[in-house]
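Here is what each chain is made of, one letter per residue.
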Amino acid sequence: MFQTAFLDLPPLAGIKGAVRLPGSKSISNRVLLLAALCQGRTVLHDLLASDDTRVMLHALRQLGCGVALEGARTVIDGIGGRTDRPRQADLFLGNAGTAMRPLAAALAVLGGDYTLHGVPRMHERPIGDLVDALLALGCDVRYTGQPGFPPLHIGEPKLRLGAPIAVRGDVSSQFLTALLMALPLAAQTRDIAIEVAGELISKPYIAITLHLLARFGVRVERDGWRRFVIPRGAAYRSPGEIHVEADASSASYFIAAGALSACVDGQKGLKIEGVGADSIQGDIRFIEAARTMGARIDSGPNWLQVRRGAWPLKAIDLDCNHIPDAAMTLAMMALYADGPSTLRNIASWRVKETDRIAAIAAQLRKLGAQVEEGADFIRIAPPASPAAWKAAAIRTYDDHRMAMCGSLAAFNPARLPVRIEDPRCVGKTFPDYFETLLAVAEPAAAVPVICIDGPTASGKGTLAGELARRLGYHCLDSGALYRATALAATRAALALDVSCETAIAELARTLPLDFAEGRIRLAGQDVTGALRAEEIGMAASAISTLPAVRRALLALQQGFARLPGLVADGRDMGTVVFPQARLKVFLTASVAERARRRREQLLARGIESKIEDLCADLAARDARDMNRASAPLMPAEDALPLDNSGQTIEQSVAQVLAWWQARQPF
Ligand code: DC
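Scope of this entry: the structure provided in the associated data block. (Residues numbered from 1 in each chain as written. Predicted model: local features only at pLDDT ≥ 70, side-chain atom pairs only at ≥ 80, totals over all residues. Heavy atoms only, no water.)

## Some details on the overall build of the chain
Step number 1: Along the backbone of the chain there are 22 helices and 33 strands.
Step number 2: Across the chain, the fraction of contacts at a sequence separation of at least 24, relative to all contacts at a separation of at least 6, is 75%.
Step number 3: Side-chain charges in the chain split into 75 positive and 70 negative, and the spacing between the mean points of these groups amounts to 2 Å. (Helix = DSSP H or I, 4+ residues; strand = E, 2+ residues; numbered from the N terminus. Contact = heavy atoms within 4.5 Å. Lys, Arg positive; Asp, Glu negative; His and termini not counted. Charge placed at Lys NZ, Arg CZ, Asp CG, Glu CD.)

Below, the structure written as structure tokens:
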């Protein structure tokens, strides 16, 4: 997951290959609660791992459920029938509506002494209609903050069953879902009827609820979408095992990207695994809307295949009530349409993670669209021409869907980059969204590269590593490649000079190196520590003067330039390896300062040294490096010099980030 303050997406040409998407949030949190309410064990496969499921899992543990995470399996031991369950808990539910509403209802029916609260935005999301229904039923539910909103306190109920329970259906379908999941707990002796007041929105989510209730042994009778009856004697029974489909709303971003994609893999486009057109999720009907706009979509059991069809896309005018979440993706596709598109009946957007109508309208305008918004609709006229597109920093409002939608602007025809602010908000439903997208995306232009060259011990590695961390970029420590080659050559007992130049070059070309989680592995063995040894540094210095070795490492180094960008450190990064790099920094520090730093490094490894000796060493090495025939140390012509002698690392990082920012169009 990107933990950066922002993520700059370079312009993208398209996507191809295959993606496997994480489990559906709606299904995950429903099956978690249903499994929790059962007696005995349920094994859930492919449960979504995200903020919203994490808060649910945590709450279930507090309520006395057994929870074991075993790779793709989640094992839940339910509290059904248990008299020893904890009857008191303080439950923090983040911003997860799919946890807050159903848990509130289930606990209100079960009874106890519970407090339910969340992040500030959760305390602005309505729950009054659900609480009214629960109060009418005889539950003890009190607001501890603003009336109508969480936090809630729940006590012991005095259930009054008999009259049908009325619930409003036109604010959030989650209120009805919550009642449908809670009331089987109270239906031992009589039928319980629920009547929906007002037009029921987001019906497909109710369909998921009914489908899953049936999987857990409760068959709800229904009369259209107005009246639902939980039959007398209903009781939850674990299905034993249950598979969670990939999230259809998450699939919408990849379906859209496929429809926007100028590159196709043969004739296949992008394959999406884990969800097919026969999904039980309502947002799967996004496919129909995407097809109407021009996407070409094929489907099979648990897979979809998507590629560009009509281009530009065709504008639409659509009632989106049946796909409230995925409809945001249509708003982004509208940027690429042949005229203005209107999305109607989307009032529920206003009470989601943020006011999504206002939020998306503001961001689309920044990108160059003309947007009109109403209480329950949005109309989007795309930028009039490629030149009318604007580079924008997309504000995400702590809303995962704003961030994922924002990424679709990277396919713009003007080849402008897009900045996504606070990208980590995708953690709510799809923590690795950007990694997944970038793994199948093709850049529309050269991948951004920042080069940090400079003399030995100038702090290149530290600066490069920190810049990469701040920007979410990959990092190339080119010295490590020379060191690894030297280590491999030493192990192969090769002489480290021209006599073995060809053999060492061949070793370098096929180096079985792997960089993952901050470790360096050579042929599967962790050599991170071994590469830092003084004698390996000397050996690297020797082989790095061999032109054939340098040539052999060239393609390997250039291969590190992958989306979303690269920070490369090493002597010839800006001159030879990435001459087209967008920013080149030549980092220096006085000999005295570098000697002081080197002394500290050595001391940290328990090695004593004298400053004078180190100064002499460094001066000699500088002279050798600058005068050597092969890859002499010299700044690229267009490199910006940075003397960090008197600077902290933070100051150097801030300086380079400022230079980088000055080159961005945002
Ligand atoms: O930065 P370092 O100490 O890990 O580098 C090890 C050796 O490799 C050093 O002698 C310089 C050489 N090198 C090089 O010639 N070209 C690079 N791009 C990086 C390192």
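## Observations regarding the site of the ligand
Step number 1: The full set close to the ligand counts 15 residues, and Ser 478, Arg 483, Arg 550, Asp 572 and Arg 628 are the nearest of them.
Step number 2: One nitrogen or oxygen atom from the side chain of Ser 478 is found 2.9 Å from a nitrogen atom belonging to the ligand.
Step number 3: Between the ligand and Arg 483 there is a distance of 2.6 Å, counted from an oxygen atom to a side-chain nitrogen or oxygen.
Step number 4: Taking 440 Å² as the accessible area of the ligand by itself, protein coverage stands at 91%. (Near = heavy atom within 4 Å. Polar contact = N/O pair within 3.5 Å; in protein donor to acceptor, adjacent residues only side chain to side chain. Areas by Shrake-Rupley, 256 points an atom, 1.4 Å probe, with all protein chains shown as cover.)

## Some remarks on empty space enclosed by the protein
Step number 1: All chains considered together, the criterion is met by 4 cavities of 30 Å³ or more.
Step number 2: Its volume calculated, the largest cavity comes out at about 330 Å³.
Step number 3: As for the largest cavity, its lining consists of 29 residues, and the residues nearest its centre are Thr 98, Ser 172, Gln 174, Asp 325 and Lys 352.
Step number 4: Counting residues per element, the ones that place at least two in the lining of the largest cavity are helix H1 (25–37), helix H3 (97–110), helix H5 (174–182) and helix H11 (400–407).
Step number 5: In the lining of the largest cavity, the residues fall into 6 nonpolar, 12 polar and 11 charged. (1 Å grid on protein atoms, 1.4 Å probe; cavity = no way out; pocket = protein on both sides within 12 Å on 5 of 7 lines; lining within 4 Å. Points joined across faces, edges and corners; volume = space filled by probe spheres on them. Nonpolar A, V, L, I, M, F, W, Y, C, P; charged D, E, K, R; others polar.)

## Focus on the environment of Val 167
Step number 1: Relative to the helices and strands, Val 167 resides in strand S11 (residues 165–168).
Step number 2: Accessibility expressed as a relative area gives 2% for Val 167, which makes it buried.
Step number 3: Distance from Val 167 to Ser 645, taken between C-alpha atoms, is 69 Å for residues 478 residues apart in sequence. (Buried < 20%, exposed > 50% of the residue type's maximum accessible area, 1.4 Å probe, protein only.)

## Quick word on the sheet that holds strand S17 (residues 296–300)
Step number 1: Pairing is mixed across the open sheet formed by 4 strands, whose spatial order is S3-S16-S18-S17. Bordering the open sheet on either side are strand S3 (17–20) and S17, each of which pairs with just one other strand. Averaged over all neighbouring strand pairs, the angle between strand axes comes to 20°, with direction disregarded.
Step number 2: Of the pairings in the sheet, the one linking S17 to strand S18 (residues 303–307) comprises 5 bridges and is antiparallel in character. What sits directly across from Gly 300, in S18, is Trp 303. (Pairing = 2+ DSSP bridges. Axes fitted to C-alpha atoms, helices over the stretch in contact; angles between N-to-C directions.)

## Details of the environment of Ala 542
Step number 1: Within the secondary structure layout, Ala 542 lies in helix H17 (residues 534–543).
Step number 2: Residue class for Ala 542 comes out partly exposed when judged on its relative accessible area of 30%.
Step number 3: Residues Ala 542 and Asn 95 lie 447 residues apart in sequence; the distance between their C-alpha atoms is 57 Å.

## Some points on the packing of H1 against helix H2 (residues 51–62)
Step number 1: Packing of H1 against H2 leaves a shortest axis separation of 10 Å and a crossing angle of 5°. Between H1 and H2, the angle falls in the class roughly parallel. Note on element contacts: H2 touches H1 through Asp 52, Thr 53, Met 56, Leu 57 and Leu 60, opposite Lys 25, Ser 28, Asn 29, Leu 32, Leu 33 and Ala 36.
Step number 2: Across the contact of H1 with H2, the residue classes break down as 6 nonpolar, 3 polar and 2 charged. (Parallel < 35°, antiparallel > 145°, perpendicular 65-115°, else oblique.)

## Looking at the layout of surface pockets
Any empty space left between atoms is shown by rolling a water-sized probe over those atoms.
Step number 1: A volume near 560 Å³ is recorded for the second largest pocket.
Step number 2: Around the second largest pocket, the lining comprises 28 residues; the ones closest to its centre are Pro 22, Gly 23, Asp 46, Leu 47 and Leu 48.
Step number 3: The element that contributes the greatest number of residues to the lining of the second largest pocket is H2, accounting for 3 residues.
Step number 4: Partitioned by chemical class, the residues of the lining of the second largest pocket number 13 nonpolar, 9 polar and 6 charged.

## A look at the nonpolar core
Step number 1: Ranked by internal contacts, the top residues of the largest apolar core, which has 83 residues, are Phe 254, Ile 255, Ile 272, Leu 330, Trp 349, Ile 360 and Leu 364.
Step number 2: Among the elements that line this core, the one with the most residues is helix H7 (residues 248–260), at 9 residues.
Step number 3: Here Leu 364 is in contact with Ala 331, Met 332, Leu 335, Ala 369, Val 371 and Ile 380, once residues within four sequence places are set aside. (Core = buried A, V, L, I, M, F, W, Y, C linked by side-chain atoms within 4.5 Å.)

## Topic: the pattern of salt bridges
Step number 1: Applying the stated criterion across every chain, the model contains 39 salt bridges.
Step number 2: Residue Asp 51 is joined to Arg 54 by a salt bridge in which the shortest nitrogen-to-oxygen separation is 3.1 Å. Here Asp 51 pairs with Arg 54, and both are found in helix H2, just 3 residues apart, close to one helical turn.
Step number 3: The partly exposed category is assigned to Asp 51, whose relative accessible area is 34%.
Step number 4: Take Arg 54: its relative accessible area is 46%, and that puts it in the partly exposed class.
Step number 5: What you see here is one network of salt bridges that share partners, running through Lys 25, Asp 52, Asp 325, Lys 352, Glu 353, Arg 356, Asp 399, Arg 401 and Lys 428. (Salt bridge = Lys/Arg side-chain N within 4 Å of Asp/Glu carboxyl O.)

## Quick look at helix H8 (residues 286–293)
Step number 1: Of all the residues in H8, the buried ones are Phe 286, Ile 287, Ala 289, Ala 290 and Met 293. Projected onto a plane normal to the axis of H8, the buried residues spread over an arc of 165° and lie on a single side.
Step number 2: Contacts made by the buried residues of H8 are with H7, S17, S18, strand S19 (317–319), helix H9 (327–333) and strand S20 (341–344). (Arc of directions from axis to C-beta.)

## What to know about unusual backbone geometry
Step number 1: A cis amide bond, omega 0°, links Pro 150 with the succeeding residue Pro 151.
Step number 2: In this structure, Pro 151 sits in the loop between strand S9 (141–143) and strand S10 (152–154).
Step number 3: Residue Asn 302 is not a glycine yet carries a positive backbone phi of 65°.
Step number 4: When you line up the elements, Asn 302 lands in the loop between S17 and S18.

## Considerations on the sheet that holds strand S29 (residues 519–522)
Step number 1: Read from one edge of the open sheet, 3 strands run S28-S29-S30, paired in antiparallel fashion. Across the chains shown, the open sheet's two edge strands, defined by having one partner strand only, are strand S28 (513–516) and strand S30 (525–526).
Step number 2: As paired strands, S28 and S29 are joined by 4 bridges and run antiparallel to one another. What sits directly across from Asp 514, in S29, is Arg 521.
Step number 3: On top of the sheet, helix H14 (residues 478–491) reaches S28, S29 and S30; it is set at about 35° to S29, its chief contact.

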